[in-house]
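An overview of the molecular structure
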Amino acid sequence: MIDDIVNVPPKKYILVHESRLLAFVTNCFEMAGLESPHARLISRLLVNNDLRGVRSHGTHIAHNYCMDFVNGNLNPRPNVRTLKESGASTVIDGDGTLGYLPMVRAAESAVVHASEHNVGLALVPHIGHYGSAGHYARICAEGGCIGFSAQSGRNESRGNPPICFAIPGGDEPDIVLDGGSDLFGPYQAPEYEDLFSRIPAVFFKNLGFITVASLLGGGLTGFSRPEGDAIQEQWPSARFGGMVLAINIEAAVAGEVFRAEVDRYTRDLRETCEPIPGTDRLLLPGHLEEERTALHRREGIRFGEQEQHAMNSLHEYFDVALPWN
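The present account deals with the structure reproduced in this document.

Here is what the cut-offs are and how they apply
- Residues numbered from 1 in each chain as written.
- Predicted model: local features only at pLDDT ≥ 70, side-chain atom pairs only at ≥ 80, totals over all residues.
- Heavy atoms only, no water.
- Helix = DSSP H or I, 4+ residues; strand = E, 2+ residues; numbered from the N terminus.
- Polar contact = N/O pair within 3.5 Å; in protein donor to acceptor, adjacent residues only side chain to side chain.
- Salt bridge = Lys/Arg side-chain N within 4 Å of Asp/Glu carboxyl O.
- Contact = heavy atoms within 4.5 Å.
- Buried < 20%, exposed > 50% of the residue type's maximum accessible area, 1.4 Å probe, protein only.

Our next topic: the side chain of Glu 307. Relative to the assigned elements, Glu 307 resides in helix α11 (residues 305-318). Of the polar contacts made by the side chain of Glu 307, one reaches the side chain of Arg 55; its length is 2.8 Å. Reaching out from Glu 307, the side chain makes a polar contact with the side chain of Gln 306 at a distance of 3.3 Å.

Our next topic: the pattern of salt bridges. Counting across every chain of the model gives 12 salt bridges. Its salt-bridge partner being Glu 35, residue Arg 77 comes within 3.5 Å of it at the nearest N-O pair. With Arg 77 in the loop between α3 (62-70) and β2 (81-86) and Glu 35 in the loop between α1 (18-31) and α2 (36-52), the pair connects residues that are 42 residues apart, well separated along the chain. What emerges from the salt-bridge pattern is a single network uniting Glu 18, Arg 44 and Arg 297.

With that out of the way, let us pick up the environment of Glu 291. Checked against the element boundaries, Glu 291 lands in helix α10 (residues 287-299). In this structure the C-alpha to C-alpha distance between Glu 291 and Arg 52, which are 239 residues apart in sequence, comes to 7.8 Å. In contact with Glu 291, other than residues within four places in its own chain, are Arg 281 and Leu 283.

Below, the discussion takes up the environment of Ile 127. Inspection of the secondary structure assignment puts Ile 127 in strand β4 (residues 119-127). For the pair Ile 127 and Ile 231, spaced 104 residues apart in sequence, the C-alpha to C-alpha distance is 9.4 Å.

Despite not being glycine, Asn 118 shows a phi value in the positive range, around 80 degrees. Tracing the chain through its elements places Asn 118 in the loop between α4 (100-117) and β4. Classification of Asn 118 as partly exposed rests on a relative accessible area of 40%. With a phi close to 65 degrees, His 126 is a non-glycine residue in the positive phi region. Tracing the backbone shows His 126 in strand β4. Residue His 126 is classed as buried on the basis of its relative accessible area of 4%.

Put into structure tokens, the structure is as follows:
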């Protein structure tokens, strides 16, 4: 049951080349009404997740996104603009579109603010789903910062808001803790019903984790202001907000000193800790994704049944040639 939920490699698959997949998904988004730069940006981030093996947020969700644009649930031609800029913070209006484009601009803005003010905060109300929080935290890490991002929806008190921390490494890969804040999400099945009675403290901490992610990733963006009602009425799927925080490492310690400590920590764990039972080595968050990216760029992306089905649906709707034919 768990294998159907978490991001395990597919047992049955075909190999798809990155460039062909990127061109296919971009073409579909363009036909759904997006301008080419917007379509390329979303497609690039979705393909990045396929490369990393993050199947839950890869190109298979492009079909749902495209249908949201086609059906008028999301704005395909948004006016993404800065609403407010003050000191180290920026508020960007998503104008009812999918979260990817506004949040990339937010992350880039947060990095600029961090270079000037040591920290940078960017908030985006009125957007649709923004995919993996890791997209935006990674932009911060690439900019020499520690990154944090979260997203949540309006009037959603029991969701599973995405959350990510990204910490730059040196010779070792970056540490990227990217996932849903509900750690027990995959375990909603009868065989796990006794978990609460066995470890109740963990459930309470889990609820706290979800609460913090929800309020930082949603409430802090101001999406509950009255104008949010009108935007969601016009664009029904734009019920989310998103935030990204960049922390300039140099504000606390020289970057090379911090990265050396990240590397030392990584090596120390790898050399002194036993692997989890059933595995042959210890990997920190983000390291497996880096390995899978290298593998998929070398051999092709392993496309399972869910990915093939989604691409076939797009092919049939838009009459675009499949990326593996």
